[in-house]
Amino acid sequence: MKKDTQCVHSGTYRDRDTRGVNTPVFTSSSFEYLDTPYNIYPRYFNTPNQRAVVDKLCALENAEDGLLFSSGMAAISTVMLTFLGSGDHVVLKEDIYGGTHHFVTADFKRFGIEYTFVSNNTEDIEKAARENTRLIFIESPSNPLLKITDIRAVAEIAKSKNIVTAIDNTFATPINQNPMELGIDIVIHSGTKYLGGHSDICCGAVVSTESLTRRIRGSAVNFGGSLNADACYLLERSMKTLGIRVERQCMNAQYIAESLKDNPDIKKVYYPGLKSRQGHDTAKSQMRGFGAIVSFELDGQKTGPSEFIRRLRLITPAVSLGGVESLICAPAETSHEKLSDEERKELGITDGLFRLSVGIEDSADILSDIEQALKTT
Ligand SMILES: *Cc1c(COP(=O)(O)O)cnc(C)c1O
């Protein structure tokens, strides 16, 4: 089955008695155990509503098994702490999600876990790997500058050194990129974003091989960050339209990026779909579409950053991303607020940088809102 068909059909649990076409919501936290092959319990990550979504995501990511979490960070922290303990070392891309960055810098020291942040350069990742490196964690495209990592190259390096690899695939979505097909071991999503797609649920997901998922589940059951049935139901419903939403969002994003590229009031546009962008060829070799996040830096001559964001009428200044509505934020004030001024400067996150999550609205309306806020119309 192709992606759009998997979105609609994969994983659906049909009730044999009523023959409803959708998965029923199983609100039970208690399930009978006599004469059953295993115990079902929400925190064991194995209820029918959890299974339905996991099966759909596994189909989309070409994975064997997975787990659904109560947030993206629950998924990320559980994966990290499954493979890392005192004395271990992890290599991470420097431009990962702000929350992941903060988790590492705030908590790893007291767990005795060593870490190295590396640039986008594959050679730097290779150099950073040590005897005690147990995990390589990447994100591509990254937040907020949409940098592209050569995923195949990272997977190859890790395999040669026997290191487990994990990728945060949130920005790409399973519609555009399937890292396991490129050799990555574990794929993580903040389902709060594109999988949920309507800015009304918070959830996370991990998919992998059967054996690695078994290991992650071992920790996950102890940490307890599983997803409840109601959120599973909303997520399953949303994922039926994931393919068509993301397709439209990518088309809109390409249009916005190309239009802003030629706007004299914009200093720089970050979008992997632009031929002029560094990483475009790599993106093309590992992605079917370039995603729907466009970051740009204001020139600042005519309109200052705070004036610009207050003048927007359609695009909402709000955190998070991936929903049907266009949202914008200044990473310096939101996702990367916890970083020091120096760290932000090193990463290229200036005060005039904006991250636009392009929605499914008409692209001309999105563009004209930006233009009127820049006072160019
Ligand atoms: C939002 C986000 C997360 C964290 O997800 P939550 O659901 O907010 O916990 C992780 N990675 C990326 C790339 C994100 O955008």
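Remember, it's a predicted structure, so these values are computed and weren't measured experimentally.

Caption draft 1: Summary view of the nonpolar core. If you look at the biggest cluster of nonpolar residues, it comprises 82 residues, and the most contacted ones within it are L235, F296, F308 and I328. Taken domain by domain, this core gets at least three of its residues from each of domain 1 (3-239) and domain 2 (245-374). In this structure, I328 is in contact with F296, F308, I309, L312, I315, T316, P317, A318, F354, R355 and L356, ignoring residues within four places of it in sequence. The next biggest cluster of nonpolar side chains, apart from the first, holds 28 residues, and it includes V90, L92, L135 and A166.

Caption draft 2: The arrangement of the site of the ligand in detail. Lining the immediate surroundings of the ligand are 15 residues, of which G72, M73, D168, T192 and K193 lie closest. Contact distances for the ligand include 2.8 Å between an oxygen atom and a side-chain N or O atom of S190. One nitrogen or oxygen atom from the side chain of T192 is found 2.6 Å from an oxygen atom belonging to the ligand. Coverage of the ligand by the protein chains reaches 92% of its 380 Å² of free accessible surface. The cavity that encloses the ligand is the largest pocket. Residue contributions to the shell around the ligand peak at three residues, all from helix α3 (residues 72-83). The class makeup of the residues in the shell around the ligand is seven nonpolar, five polar and three charged.

Caption draft 3: Structural detail: helix α14 (residues 363-373). Looking at α14, one finds that the buried residues are S363, I366, L367, D369, I370, Q372 and A373. Its side-chain oxygen at 2.9 Å from the backbone nitrogen of A364, D362 defines the N-terminal cap of α14. Note on α14: the residue one or two positions beyond its end, K375, has a positive phi of about 65°.

Caption draft 4: Inspection of the packing of aromatic side chains at higher detail. Throughout the structure, instances matching the rule amount to nine aromatic pairs. Where Y115 meets F117, the ring centres are 5.6 Å apart and the plane angle is 65°; that geometry is what we call edge-to-face. The exposure class assigned to Y115 is partly exposed, which follows from its relative accessible area of 30%. Judged by relative accessible area, F117 falls into the partly exposed class, the value being 24%. Between F296 and F308, the aromatic rings sit 6.0 Å apart at their centres with planes inclined by 85°, giving edge-to-face as the arrangement. With F296 in strand β9 (residues 293-298) and F308 in helix α12 (residues 305-311), this pair connects stretches of sequence that are twelve residues apart. You'll find F296 and F308 in the same group, each marked buried. Taken together, the ring pairs connect F103, F108, Y115 and F117 into an aromatic cluster.

Caption draft 5: A look at the environment of G112. For G112, the location among the structural elements is in the loop between α4 (98-111) and β3 (114-118). Sequence spacing of G112 and E131 is 19 residues, and the spatial spacing of their C-alpha atoms is 16 Å. What G112 contacts, discounting residues up to four positions off in sequence, is G85, S86, G87 and D88.

Caption draft 6: Representation of unusual backbone geometry in the model. Omega for the peptide link from S140 to P141 comes to -5°, which places this bond in the cis form. Looking at the element boundaries, P141 is found in the loop between β4 (133-139) and α6 (151-160). With an omega of 0°, the peptide bond running from N143 to P144 counts as cis. One can find P144 in the loop between β4 and α6. Positive phi values are uncommon outside glycine, yet F45 reaches one of about 65°. For F45, the location among the structural elements is in the loop between α1 (3-9) and α2 (48-61). Despite not being glycine, S320 shows a phi value in the positive range, around 70°. Within the secondary structure, S320 sits in the loop between β10 (316-317) and β11 (327-329). Using a relative accessible area of 28% as the deciding quantity, one classes S320 as partly exposed.

The rules behind these values
Residues numbered from 1 in each chain as written. Predicted model: local features only at pLDDT ≥ 70, side-chain atom pairs only at ≥ 80, totals over all residues. Heavy atoms only, no water. Core = buried A, V, L, I, M, F, W, Y, C linked by side-chain atoms within 4.5 Å. Buried < 20%, exposed > 50% of the residue type's maximum accessible area, 1.4 Å probe, protein only. Domains from an automatic or database assignment. Contact = heavy atoms within 4.5 Å. Near = heavy atom within 4 Å. Polar contact = N/O pair within 3.5 Å; in protein donor to acceptor, adjacent residues only side chain to side chain. Areas by Shrake-Rupley, 256 points an atom, 1.4 Å probe, with all protein chains shown as cover. 1 Å grid on protein atoms, 1.4 Å probe; cavity = no way out; pocket = protein on both sides within 12 Å on 5 of 7 lines; lining within 4 Å. Sits in = over half its atoms within 2 Å of the grid points. Helix = DSSP H or I, 4+ residues; strand = E, 2+ residues; numbered from the N terminus. Nonpolar A, V, L, I, M, F, W, Y, C, P; charged D, E, K, R; others polar. Phe/Tyr/Trp six-rings, centres within 6.5 Å; stacked < 30°, edge-to-face > 60°.

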